[in-house]
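Architecture at a glance
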Amino acid sequence: MQLQIAKAAGYLAMPPGLLILGGIAALLLARRAPRLGGWLGAAVLALAYFLSIRPGAELLLTPLETRYEALERIPPTAEAIVVLGGGQIPDSPEYGRAVAGDATLQRTRYAAHLARGNGLPVFTTGGLPLGRGAPTGRLMADALVHDYGFPPGRIQAETDARNTREHVTNLKAHLDGRERVVLVTTAWHMPRSMATFAAGGLDPVAAPTDYHEGFGEPYHWLDFLPAADFLEMSSNAAHEYLGLLYYRLRGWV
C-alpha cells in the first residue's frame, strides 16, 4: 500500500496530473479572485504547451540522457551485466500472457548486444510493482534465452524488486560478491540508477540505451506543435527529477 500511495503522489506531481491539478486550482480561485484565477489558468496553459512540444520536453530530458555517454566497450574489469526492468503488458491479448513493455524490450536487446562475444553473466531484475502480470526480471531472462539464444545457465533473474533501490538490495544476493557491473537501463533513468547502485556499495559502469526518438536531430516545425509523445518525455523527466529528490531526502543516494 505504501508503494501505491507513493506512486499516486508521483502521478499527481508530474504531468499530466500536475496540469490537471493546476487547472482545478485555477477554476476554484477564479470564483473568489477572477483576476488571479485567470492568471493561474493562463500559466497552466503555457506550462502545458511548453511540456507538450519537443524543445520544452528536451530541455528537461536531455540533461538526464546525456549525463552518461554511450558505452563504447565493456571494461576488462567488468564482472557482470545487469539489466533493469522497465515495465510490461500484464495480459497481452495476442500472446495470452504477460510480455515485456517497450522500455524493457529496449533494455533487454541492448543487454543481449553487450553480452555477445564475452562470458559475463547477465542478471535481470524486476518484480511486480502493482501485483499484475509476471515478474519483469523473469520476462527479460526468458527473452534472453528463447529470443536471443543465450544459455539458461548464463542468465539469472531477480524477481522481487519493485523500484530502483530494491534492484540494488535484492541483486546483491545474486551477484555473489561481484561489484563491477555493467548497468543497462534507459538513458534518462541512468543518473538515478548509477547513484543508487554506487550508494549500495556496487561499482557500476553506465550502459545507457533507449534514447528518445529524434535524439540529436534538428528541429522540424512540427516539433513546436503539442503532441502526446513530447508530454510523455516531459513526464519521464519529471519522474526522474522527483525520484532523485526523493532518494536524496531518504539518504538512498
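Here the structure is a predicted model, which is why all the values come from computation and not from measurement.

Topic: the pattern of salt bridges
Using the criterion set out here, one finds six salt bridges in the structure. Here D203 ties to R180 by a salt bridge, and the two come within 3.1 Å at their closest N and O atoms. Note that D203 is positioned in strand β7 (residues 203–209) and R180 in strand β6 (residues 180–186), a separation of 23 residues in sequence. Sharing partners across several salt bridges, the network here consists of R54, E58 and D223.

Quick word on the layout of surface pockets
For the second largest pocket, the calculated volume is near 250 Å³. Y95, R97, A98, V99, A100, L105, L139, D142, A143, H146 and D147 are the residues that line the second largest pocket. Taken together, the residues of the lining of the second largest pocket sort by class into seven nonpolar, one polar and three charged.

A word on the sheet that holds strand β1 (residues 80–84)
Sheets are built from strands that pair by backbone hydrogen bonding, the pairs being arranged parallel or antiparallel. Pairing is parallel in the open sheet, where five strands are placed in the order β5-β4-β1-β6-β7. Two strands bound the open sheet, and with one partner strand each, they are β5 (155–158) and β7. For this sheet, the mean inter-axis angle between neighbouring strands, taken without regard to orientation, is 25°. Relative to strand β4 (residues 122–125), β1 is paired through four bridges, and the arrangement is parallel. Bridging from a neighbouring strand, V83 pairs with T124 of β4. Relative to the sheet, helix α5 (residues 102–115) contacts β1, β4, β6 and β7, its axis offset from that of β6 by approximately 145°.

Rules of the game
Residues numbered from 1 in each chain as written. Predicted model: local features only at pLDDT ≥ 70, side-chain atom pairs only at ≥ 80, totals over all residues. Heavy atoms only, no water. Salt bridge = Lys/Arg side-chain N within 4 Å of Asp/Glu carboxyl O. Helix = DSSP H or I, 4+ residues; strand = E, 2+ residues; numbered from the N terminus. 1 Å grid on protein atoms, 1.4 Å probe; cavity = no way out; pocket = protein on both sides within 12 Å on 5 of 7 lines; lining within 4 Å. Points joined across faces, edges and corners; volume = space filled by probe spheres on them. Nonpolar A, V, L, I, M, F, W, Y, C, P; charged D, E, K, R; others polar. Pairing = 2+ DSSP bridges. Axes fitted to C-alpha atoms, helices over the stretch in contact; angles between N-to-C directions. Contact = heavy atoms within 4.5 Å.

This is a description of form; function is not addressed.
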